[in-house]
Amino acid sequence: MEYKCLRCHGPREPRKKLCDACVPLALEEQKQKSRERATAYRLANLEKVRAIDRKRAAEERAKNPEEVRLRKLKSSKNNLEYFPKYYEAHKDELRKVTSEWKKANPGRVKVNNQKRRAAKKEAAGSVTYAQWEAVCKKQKGKCYDCGRADVKLTMGHGVPLYAGGSHDVSNIIAQCQRCNCKQGKRIHPEFLEKQ
Ligand SMILES: [Zn+2]
Ligand SMILES: [Zn+2]
């Protein structure tokens, strides 16, 4: 008897409910749902929630003043356009915080850069970090084309954004830089067959 993944209906191991590729995706979906629930609750209980938030923030500031300050700096960097004067005054410090975060989170930087690129091209869809990790895992850390595992994997699109492809996980493949460049702006020759 063959065991089927409850999410994608592909093969799975008998002891698990989901296949390996679906585990991180299901986790991400669960997170998304709980975020939505939290937002709904917040809107329904705004005053109460705000009072709790204020209390918690004050406690945290008292406990970790430095960490709270750095986090604030970073979020003000993210909202740059709202804080032009603040940004000017703290430019060097803000840059340092950002570059340290980037150094500590190379995978997330890559995902964010791709997201920005896709948004620029007005492509539909958005890939989360967990989804990208799942793609790499599904390919066992190997390049989609040359099969090498000793290379850095970059995000490729089966149907390139140039050709109207989406930035949805269903269109994402992990390729080494060389194979990614080689594909260029063409639709991946085997991608559609393998679907
Ligand atoms: Zn599955
Ligand atoms: Zn390759």
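Here the structure is a predicted model, which means the values were calculated and not measured. (Residues numbered from 1 in each chain as written. Chains lettered and ligands numbered in written order. Predicted model: local features only at pLDDT ≥ 70, side-chain atom pairs only at ≥ 80, totals over all residues.)

1. Re the overall build of the protein chain
- A tally of helices and strands in the protein chain yields nine helices and two strands.
- For 195 residues, the compact-globule estimate of 2.2 N^0.38 gives 16 Å, and the protein chain exceeds it by more than 25% at 21 Å.
- Expressed along its principal axes, the backbone C-alpha trace of the protein chain runs to roughly 55 × 45 × 30 Å.
- Counting over 195 residues, the protein chain shows a buried share of 16%.
- For the protein chain, the proportion of contacts with a sequence separation of at least 24, taken over those separated by at least 6, is 47%. (Helix = DSSP H or I, 4+ residues; strand = E, 2+ residues; numbered from the N terminus. Rg over C-alpha atoms; globule rule 2.2 N^0.38 Å. Buried ≥ 20, exposed ≤ 12 C-beta atoms within 10 Å, placed from the backbone. Contact = placed C-beta atoms within 7 Å.)

2. Here we look at the nonpolar core
- One finds Trp-132, Val-135, Cys-143, Ile-172, Ile-173 and Ala-174 to be the most contacted residues of the largest nonpolar core, which totals 17 residues.
- For this core, the elements supplying multiple residues, two or more each, are α1 (22-44), α7 (129-138), β1 (153-157) and β2 (172-176).
- Per element, the largest residue contribution to this core is four residues, and it comes from β2.
- In this structure, Ile-173 is in contact with Val-135, Tyr-144, Gly-156, Gly-158, His-188 and Phe-191, ignoring residues within four places of it in sequence. (Core = buried A, V, L, I, M, F, W, Y, C linked by C-beta atoms within 7 Å.)

3. Digging into the environment of Val-135
- Its location among the elements puts Val-135 in helix α7.
- As a C-alpha pair, Val-135 and Lys-102 span 33 residues in sequence and 22 Å in three-dimensional space.
- Not counting chain neighbours up to four residues away, the residues in contact with Val-135 comprise Val-169, Ile-172, Ile-173 and Ala-174.

4. Observations regarding the pairing of β1
- Taken across its five residues, β1 has four buried, putting it largely inside the fold.
- Alignment of β1 against β2, held across five bridges, turns out to be antiparallel. In the sheet register, His-157 faces β2, and the bridge partner there is Ile-172. (Pairing = 2+ DSSP bridges.)

5. Examining α1
- Compared with the 33 Å implied by 1.5 Å per residue over 23 residues, the 33 Å span of α1 between its first and last C-alpha is a close match.
- Among the residues of α1, Cys-22, Pro-24 and Leu-25 are the ones counted as buried.
- For α1, the secondary structure elements touched by its buried residues are α7. (Expected span 1.5 Å × (residues − 1).)

6. Details of helix α5 (residues 91-104)
- Over its 14 residues, α5 runs 20 Å from end to end, which matches the ideal 20 Å to within 8%, given 1.5 Å per residue.
- For α5, the buried fraction is low: one of the 14 residues fall into the buried class.

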